[in-house]
Every structure is written in structure tokens, then in C-alpha cells.
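Chain by chain, the residues run as shown.
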Amino acid sequence: MNVRRVNWPLWLGFLLSVVTFFSYFAVFVWYPVTRDFPWANLLLFVVAAVLLFMGVRRAFASDRRGSKIVATIVTTLGLVVIGFFLFAFFIGGRWLPPSKGAPQVGQKAPDFTLSDSNGKAVSLNELLSTPINGKAPKGVLLVFYRGYW
Amino acid sequence: MRGIQKNLEQLNAEGIRPVAISVDPPDASRNLVQQQGYTFPFLADPNVEAIKRYDLVHAGAGEGGHDIARPAEFLLDSTGTVRWVHLTENYWVRARPEQVLDVGRLLK
């Protein structure tokens, strides 16, 4: 196969769209600047889309039917990857319950007693009163998370 | 969680105790805590009791359609009164430790 005939923008664009998809979870999610708004991923996706577009143009400029079909399939897959990311982030990420009954500023936080990771029962009152570094705590930060299990 | 661990010394210096709560059972949390080196408490609420009391149940959103907690952060003062709430509108966007520290400095 002649190296010149490899449609490199097409394949590079596809590879970039896949790598960009996973890069959010592998890299960018760890930094609040790139996590809260995925601008790094959006930029990379734009580059990937341009490359895919260049690949399609190149394929359709040639007279080989096979390369047109390949370019169409690869570009579609690349766009699906990009679309899936955008959907998961901007639409799926908003599927959360409204939590209208959650405690509000000024209200007393509901009490609870739950097991810690060693199986020991811990109450909110204990969390509020057990000293931190020998001093009475000024506050408790409750962080509810989805869980990994 | 990583952000909290990174800022734990500062939070503790301000007299703030972070506590993580999820449906994860204690042994799952123990693994997580050991793997990631977390040194603040992780509480297990597998029956969504506290999560329900705080109206944070995300019905059927967990593995196998289990109910789990939606992400949420509350800063309570020493009397147990809520001083700051962060209910994210997007699952990917979380409160940053700096936000908590800013409010935490105002606690007496």
C-alpha cells in the first residue's frame, strides 16, 4: 500500500475523538478547571471533527469507492463518540433529583447514626463534638457522594 | 474526595471535619480509604436512611437499579445548623474545597 494513499486525517481524527473521550475520565476529571467545564475536551473534539471532515473530503476527492465508504463509516463512528460525550456531560449529567426537601441554610441538619469504614457506629452529634487536633470542631462538612460499589 | 484529602490539613486547621457519606457498605469504603489514603471518615448508608432524611435519594441510579445519593455538600456549624449548601445541577460539577474554606473561615 502506498503511504500517500493512507487517509491520515481520517484515522487521526477518529483516534483523537476516542482518545479525547477517555482523556476526560483518565486525566481532566482530576482538575477542577477541566472537570467542571470540559473545555479541554471540547477543543480536542473540534480538532478531531476538523480532521474527520478533511478525511471525508479527501476520500470523496478520490475515485475509489471503497475509501468513500470507509471514510463515511469512520467519520460517523467518530461523531458518535463526540456526540455521546456531549450528551453524557451536558444532558445526562443534569439528570439529578431536585432535592427540594434538602436541609437549607439556617435549618438544623437532621441527625443520623451510620457505620464508618471500620464498622463503628458514628452519630452526627459525635462528629460535631469530637475534638479535631485537641480543639472543639467549628463545623462538619457532609459530603454525600454516589458511591463506587 | 481527592480535593478534600489534599486540603484536609487546612480544613482541620479551620476546625472543619469533612465526612463522606454514600450507600457503599463499610468494607467497600475500607478498601477505598486504604487504596486512596483517605484519612477522614467514610460513613455507610446502604439503606439510604440519612440520604432519605436529607432528601438526596437518586432513585434507581446505582448499580443494578439501587437507590443512591445524588452528590451534595453541606457545611454545618458546631450546633449542627446548616451554614452552606451545595446541590450541584450537573453530576460532573462538584464543590471545590476552596469554596468550603471560604465559608468555613466565617464559622465561630
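What counts, and at which threshold
The residue numbering used here restarts from 1 in each chain and proceeds along that chain's sequence as written. All chains are assigned letters beginning at A, and all ligands numbers beginning at 1, according to the order in which they are written. Per-residue local features are limited, in this predicted model, to residues with pLDDT of at least 70; the limit for side-chain atom pairs, both in listing and counting, is 80 or more; totals at the level of whole chains, interfaces and linings are taken over all residues. The side-chain values count all of the structure's non-hydrogen atoms but skip hydrogen atoms and water molecules. Note on conventions: DSSP H or I runs of at least 4 residues are helices, E runs of at least 2 residues are strands, and numbering of each starts at the N terminus. Values of the radius of gyration come from C-alpha atoms, whereas the globule rule sets the reference at 2.2 Å times the count of residues to the power 0.38. Only protein chains enter the accessibility calculation, which uses a 1.4 Å probe. A residue is then buried if its area is under 20% of the maximum for its type, exposed if over 50%, and partly exposed in between. Should any heavy atoms of two residues lie within 4.5 Å, those residues are considered in contact. For the accessible areas, the method is Shrake-Rupley and the probe is 1.4 Å, while residue cover comes only from the protein chains on display. Positive charges come from Lys and Arg, negative ones from Asp and Glu, while His and the chain ends are left out of the count. Every charge is mapped to an atom, namely NZ of Lys, CZ of Arg, CG of Asp or CD of Glu. Working definition: a ring pair exists when centres of Phe, Tyr or Trp rings (six-membered ring for Trp) sit within 6.5 Å. Plane angles under 30 degrees give stacked, over 60 give edge-to-face, the rest tilted. Criterion for a charge above a ring: Arg CZ or Lys NZ at most 6 Å from the ring centre, at most 35 degrees from the ring normal. Note on definitions: buried area is the accessible-area loss of two parts on being combined, 1.4 Å probe, summed for both. A carboxyl oxygen of Asp or Glu within 4 Å of a side-chain nitrogen of Lys or Arg is what we treat as a salt bridge. Counted as a polar contact is a pair of N or O atoms within 3.5 Å, where, for protein atoms, one must be capable of donating a hydrogen and the other of accepting one, and residues adjacent in sequence contribute only when both atoms are in side chains. Under the scheme applied, nonpolar residues are Ala, Val, Leu, Ile, Met, Phe, Trp, Tyr, Cys and Pro; charged residues are Asp, Glu, Lys and Arg; polar residues are all the others, including Gly. For two strands to count as paired, DSSP must find a minimum of two bridges between them. Lines fitted to C-alpha atoms define the axes here, with helix axes fitted over just the stretch in contact, and angles between the N-to-C directions of these axes take values from 0 to 180 degrees. Any angle that falls under 35 degrees is termed roughly parallel, while one over 145 is termed roughly antiparallel, one within 65 to 115 roughly perpendicular, and all others oblique. Handedness of a crossing is defined here by the sense of rotation of the near helix relative to the far one, left-handed for an anticlockwise turn of less than a right angle and right-handed for a clockwise turn.

### Here we look at the overall build of chain A
Okay, step 1: Check the secondary structure of chain A and you find five helices and three strands.
Okay, step 2: In chain A, the succession of α and β elements from N to C terminus is α-α-α-α-β-β-α-β.
Okay, step 3: Its C-alpha radius of gyration of 25 Å places chain A more than 25% over the 15 Å reference for a compact globule of 149 residues.
Okay, step 4: In terms of principal-axis extent, the alpha carbons of chain A reach across some 75 × 35 × 25 Å.
Okay, step 5: The buried share of chain A, taken over its 149 residues, is 40%.
Okay, step 6: Considering only residue pairs separated by 6 or more positions, chain A has 55% of its internal contacts joining residues 24 or more positions apart.
Okay, step 7: Taken as a whole, chain A presents about 8,900 Å² of accessible surface, with 69% of it coming from carbon and sulfur.
Okay, step 8: Side-chain charges in chain A split into 15 positive and 5 negative, and the spacing between the mean points of these groups amounts to 19 Å.

### So, the packing of aromatic side chains
Okay, step 1: Counted according to the given criterion, the structure contains 24 aromatic pairs over all chains.
Okay, step 2: Judged by centre distance (5.8 Å) and plane angle (90 degrees), the rings of Tyr24 of chain A and Phe89 of chain A are edge-to-face. Of this pair, Tyr24 of chain A sits in helix H1 (residues 8–26) while Phe89 of chain A is found in helix H4 (residues 65–91), placing the two residues 65 residues apart along the sequence. One exposure class covers both Tyr24 of chain A and Phe89 of chain A, and it is buried.
Okay, step 3: Lying across the ring of Trp30 of chain A, Arg2 of chain B places its NZ or CZ 3.6 Å from the centre.

### Some points on the interface of chain B and chain A
For interface size, the figure often reported is the accessible area lost on association.
Okay, step 1: Chain B puts 68 residues into the contact, and the matching count from chain A is 57 residues.
Okay, step 2: Summed over both partners, the interface of chain B with chain A comes to about 6,000 Å²; 60% of that surface belongs to carbon and sulfur atoms.
Okay, step 3: Of all residues in chain B, Arg17, Tyr54 and Trp92 of chain B bury the most surface against chain A, accounting for 15% of the area lost on that side.
Okay, step 4: There are two salt bridges connecting chain B and chain A.
Okay, step 5: Here Arg94 of chain A and Glu89 of chain B are joined by a salt bridge, their closest N and O atoms 3.8 Å apart.
Okay, step 6: Taken together, the links from chain B to chain A amount to 36 residue pairs in polar contact (both at pLDDT 80 or more).
Okay, step 7: The element that contributes the greatest number of residues to the side of chain B that touches chain A is strand E1 (residues 16–22) of chain B, accounting for seven residues.
Okay, step 8: Among the residues making up the side of chain B that touches chain A, the classes are represented as 40 nonpolar, eleven polar and 17 charged.
Okay, step 9: Pairing of strand E3 (residues 139–144) of chain A with E1 of chain B involves six bridges; the strand directions are parallel.

### Topic: the packing of H1 of chain A against helix H3 (residues 39–61) of chain A
Residues and elements named next belong to chain A.
Okay, step 1: Direction vectors running N to C along H1 and H3 enclose 160 degrees, while the axes themselves pass 7 Å from each other. By the criterion of interaxial angle, the relationship of H1 to H3 is roughly antiparallel. In the crossing of H1 with H3, the sense of the turn from one axis to the other is left-handed. Here Trp8, Pro9, Leu10, Leu12, Gly13, Phe14, Leu16, Ser17, Thr20, Phe21, Ser23 and Tyr24 of H1 come into contact with H3, specifically with Asn41, Leu44, Phe45, Val47, Ala48, Leu51, Leu52, Met54, Gly55 and Arg58.
Okay, step 2: Along the lines of polarity and charge, the residues of the contact of H1 with H3 split into 15 nonpolar, six polar and one charged.

### Here's the deal with the environment of Lys100 of chain A
Okay, step 1: Mapped onto the elements, Lys100 of chain A comes out in the loop between H4 and strand E1 (113–115).
Okay, step 2: With 82 residues separating them along the chain, Lys100 of chain A and Val18 of chain A place their C-alpha atoms 38 Å apart.

### Notes on the packing of H1 of chain A against H4 of chain A
Residues and elements named next belong to chain A.
Okay, step 1: H4 packs onto H1 with a crossing angle of 20 degrees between their chain directions and a minimal axis gap of 9 Å. The pairing of H1 with H4 is recorded here as roughly parallel in orientation. Here the hand of the crossing between H1 and H4 comes out left-handed. For the pair formed by H1 and H4, the contact residues are Leu10, Trp11, Phe14, Ser17, Val18, Phe21 and Tyr24 on the first element and Val70, Ala71, Val74, Thr75, Leu77, Gly78, Val81, Ile82, Phe84, Phe85 and Phe89 on the second.

### Regarding unusual backbone geometry
Okay, step 1: Despite not being glycine, Ser99 of chain A shows a phi value in the positive range, around 50 degrees.
Okay, step 2: Looking at where Ser99 of chain A falls in the secondary structure, it is placed in the loop between H4 and E1.
Okay, step 3: The exposure class assigned to Ser99 of chain A is buried, which follows from its relative accessible area of 6%.
Okay, step 4: Even without a glycine there, the phi angle at Val48 of chain B is positive, about 40 degrees.
Okay, step 5: Locating Val48 of chain B in the fold gives a position in the loop between strand E2 (42–44) and helix H4 (49–53).

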